Amino acid sequence: MTEFAIPAPDGQRAPKISFEFFPPKTAEMERSLWETINRLAPLAPSFVSVTYGAGGSTRERTHATIARILAETSLTPAAHLTCVGAARGEIDDIVDRYHEIGVRHIVALRGDPATGIGTAYVAHPDGYRTSPELVEGIKKRHPDIEVSVSAYPEKHPEARDFDADIDTLKAKVDAGASRAITQVFFDNDLYFRYLDRVRARGIEIPIVPGIMPMHNFKQARNFVTRAGTTVPDWLAQQFEGLDDDAETRKLVAATVAAGQVHKLAKHGVDTFHFYTMNRADLVFAIAHLLGIRPKNAAKAA
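Residues numbered from 1 in each chain as written. Predicted model: local features only at pLDDT ≥ 70, side-chain atom pairs only at ≥ 80, totals over all residues. Heavy atoms only, no water.

Asks: Just to check I follow, could you spell out the confidence of the model for the protein for this structure?
Replies: In regions of low pLDDT, the predicted coordinates are not meant to be interpreted in detail. On average, residues of the protein score 89 in pLDDT, and 89% of them are at 70 or above. Taken as a whole, residues 297-301 scores under 50 in pLDDT and shows 15 contacts with residues more than four places along the chain or in a different chain. (pLDDT = per-residue confidence, 0-100. Contact = heavy atoms within 4.5 Å.)

What follows is the structure, encoded as structure tokens:
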């Protein structure tokens, strides 16, 4: 048994997991996504989420992916939805369409500015202006839809300070959110300090850690730092000299992510959300090290 193996004690359940995918742009990417879904489905995740591109740019592809998951698998899909670039009526119609096909879980986000991360956010003049407004709108139309939201262990980049950021989370909970999924983080102390702040404010919903295995370190670092995540020097050092060695990068990435979830689990965390980047290999291995084994949970897709 490796030091990372975390078998569930007798009588206790293994950790709960969920996965994030993004909608494919090409036929080849769609084949790859469905290979990933078929590989991960037997791990019986609590749900799988499908992202929604900036400004709603992947709206129809997100819907098509969600619909296919519902039709061809036994997985529970969660559709991402943002406020960006659409009037309330358009967003309400999207929610109604999801509800009609059987979606009962939405990940509600304000969304990045249509002009790109780091630029000023401008709400649609006739749209939902904030994520708490979006959560409230979803719950008013369809109270049976579960709503998850985002959380930021290092503070949202646009928030004035931590107190203001947690005010926003509290508003989302008050509007009806029942789960928060964190932005990627690599220092577990950040997560636990954030959890202490959140609980001190009386926020009791699950704060699920978002875990990203670094398949390609340079690309992943550029992506997460633009969203406000700190990449520690020690982590960068693990990937030094591996730019042209994909196989070793994969092993290092699996080891780093497995170490992170192992330490979180040792401190009582029992739920994890994996940003898969539409790849199954590292996530499957990490789930295995968490003591999660395949089940006959999915129909053939």
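Asks: How should the pattern of salt bridges be read in this particular structure?
Replies: Opposite charge on two side chains allows them to pair when their charged atoms are near. For the coordinates displayed, the defined rule picks out 16 salt bridges. Two residues, Arg-97 and Glu-60, come together in a salt bridge whose shortest N-O distance is 3.3 Å. Of this pair, Arg-97 sits in helix H3 (residues 88-101) while Glu-60 sits in helix H2 (residues 59-72); the two residues are 37 residues apart in sequence, bridging distant segments of the chain. Its relative accessible area of 48% is what places Glu-60 among the partly exposed residues. With a closest N to O distance of 2.9 Å, Arg-110 and Glu-158 form a salt bridge. You can see Arg-110 sitting in the loop between strand E4 (105-109) and helix H4 (131-141) and its partner Glu-158 sitting in the loop between strand E5 (146-151) and helix H5 (162-175), a full 48 residues away along the chain. Taking the relative accessible area as the measure of exposure, Arg-110 reaches 17% and is therefore buried. Glu-158 sits in the partly exposed class, given a relative accessible area of 43%. Through salt bridges that share partners, Glu-30, Arg-68 and Glu-72 make up one connected network. (Salt bridge = Lys/Arg side-chain N within 4 Å of Asp/Glu carboxyl O. Helix = DSSP H or I, 4+ residues; strand = E, 2+ residues; numbered from the N terminus. Buried < 20%, exposed > 50% of the residue type's maximum accessible area, 1.4 Å probe, protein only.)

Asks: Sorry if this is basic, but what is going on with H4 here?
Replies: Since there are 3.6 residues in each turn of an α-helix, residues three or four apart along the chain are aligned in direction. When H4 is considered as a whole, its buried residues turn out to be Ser-131, Pro-132, Leu-134, Val-135, Gly-137 and Ile-138. Contact partners of the buried residues in H4: strand E3 (77-82), H3, E4, E5 and H5.

Asks: Just checking my understanding: could you explain the packing of aromatic side chains for this structure?
Replies: Describing an aromatic ring pair means giving the distance of the ring centres and the angle of the ring planes. A full pass over the atoms with the stated rule returns five aromatic pairs. Measuring from ring centre to ring centre gives 6.3 Å for Phe-19 and Phe-274, while their planes differ by 40°; the resulting arrangement is tilted. Here Phe-19, found in strand E1 (residues 16-21), pairs with Phe-274, found in strand E9 (residues 271-275); they are 255 residues apart in sequence, far enough to count as distant. No difference in accessibility class separates Phe-19 from Phe-274, as the two residues are buried. On the basis of an interplanar angle of 10° and a centroid distance of 4.7 Å, the ring pair of Phe-217 and Phe-239 is categorised as stacked. Remark: Phe-239 occurs in the loop between helix H8 (233-238) and helix H9 (246-266) and Phe-217 occurs in helix H7 (residues 217-226); sequence separation between them is 22 residues. Phe-239 shares its class with Phe-217; the two are buried. One aromatic cluster is present, formed by Phe-185, Tyr-191 and Phe-192 through successive ring pairs. Against the face of Trp-34 rests Arg-68, its NZ or CZ located 4.0 Å from the ring centre. (Phe/Tyr/Trp six-rings, centres within 6.5 Å; stacked < 30°, edge-to-face > 60°. Lys NZ or Arg CZ within 6 Å of the ring centre and 35° of its normal.)

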